[in-house]
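Topology and contacts: notes
Listed here are the chains, written in short residue letters.
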Amino acid sequence: MYIEVDTSIPPELSDAVWQLYTSAFDELRTAAVQRHVMHRAEFDEVLSDKRVLKYLGRDPQRTDQVAALATFTNELDSLPLISPDYFAHRWPDLYAQQRIWYIGFFAIHPQSRGSGLFEAVIADMWQRVAATNGIAALDICRRNDEIGLGRAIQQTLMSLTEGMRASKMDEQTYWLYELPPRT
């Protein structure tokens, strides 16, 4: 496996990366209350935005297939599902200096899990954060947190940087109010 990092995706891979994205996150359509999955137009817009780095994992033997795809940016207004105002309010200096990095998404094909792609991409992203003396953020829904995604990222970063700290920035809880059963 190898990783390409660029500001664009080859046009011939457009449908393959969309398929990887939708298959990786499809279950979140019904597992999470808030929308975590971009619509195709949003996805295409993010992939064509030069302000967003794209990490493309590929098998050198099968270059027509995509093993992993992730997005990463320090220009937070380029991502449709986050609030740049949140970051600008809490870390005004870091925000103004574009030292806040955000992982928009990270999708890995099931056959490529355990291949080292996850750790290699996270390590490259972290190196960019460290080079700017910045911070990195992402959102993890409860379902993905429960299966260990947050811990996996934290362990990878701790292996790269002694003393690295992780903290939860925000949390949203959805409540339901029901009438009692009719008798």
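Use the structure listed above.
Computed from a predicted model, the values in this text were never measured in an experiment.

To continue, consider the packing of helix α1 (residues 14–25) against helix α3 (residues 40–48). For any two helices packed against each other, one specifies the crossing angle of their axes together with the interaxial distance. At a closest axis distance of 11 Å, the pairing of α1 and α3 adopts a crossing angle of 120°. As the angle between them shows, α1 and α3 are arranged oblique. Here α1 runs over α3; the crossing is right-handed. Counted together, Ser-14, Asp-15, Val-17, Trp-18 and Tyr-21 of α1 and Arg-40, Phe-43, Asp-44 and Leu-47 of α3 form the full contact between these two elements.

The next point concerns unusual backbone geometry. Unusually for a residue other than glycine, Gln-98 sits at a positive phi of about 55°. In this fold, Gln-98 is placed in the loop between α5 (92–96) and β4 (100–108). Unlike most non-glycine residues, Asn-133 shows phi in positive territory, near 55°. Among the structural elements, Asn-133 can be located in the loop between α6 (117–131) and β5 (135–137).

This brings us to the nonpolar core. Ranked by size, the top nonpolar core spans 29 residues in total, and within it Val-17, Tyr-21, Phe-43, Leu-69 and Phe-87 carry the most contacts. Counting residues per element, the ones that place at least two in this core are α1, α3, α4 (84–90) and β4. By residue number, the principal contributor to this core is α1, which donates five residues. Apart from the residues within four sequence positions on either side, Leu-69 is in contact with Ile-9, Val-17, Leu-20, Phe-43, Tyr-55, Leu-56, Phe-105, Phe-106 and Ala-107. Counting residues in each nonpolar core, the second largest holds 20 residues, with Tyr-55, Ala-70, Ile-122 and Leu-157 among its members.

Another point: the pattern of salt bridges. A full pass over the atoms with the stated rule returns seven salt bridges. For Asp-77, the salt bridge identified is with Arg-51, shortest N-O distance 3.1 Å. With a gap of 26 residues between them, Asp-77 in the loop between β3 (68–73) and α4 and Arg-51 in the loop between α3 and β2 (53–58) connect regions that are remote in the sequence.

Parameters at a glance
- Residues numbered from 1 in each chain as written.
- Predicted model: local features only at pLDDT ≥ 70, side-chain atom pairs only at ≥ 80, totals over all residues.
- Heavy atoms only, no water.
- Axes fitted to C-alpha atoms, helices over the stretch in contact; angles between N-to-C directions.
- Helix = DSSP H or I, 4+ residues; strand = E, 2+ residues; numbered from the N terminus.
- Parallel < 35°, antiparallel > 145°, perpendicular 65-115°, else oblique.
- Left-handed = near helix turned anticlockwise from the far one by under 90°.
- Contact = heavy atoms within 4.5 Å.
- Core = buried A, V, L, I, M, F, W, Y, C linked by side-chain atoms within 4.5 Å.
- Buried < 20%, exposed > 50% of the residue type's maximum accessible area, 1.4 Å probe, protein only.
- Salt bridge = Lys/Arg side-chain N within 4 Å of Asp/Glu carboxyl O.

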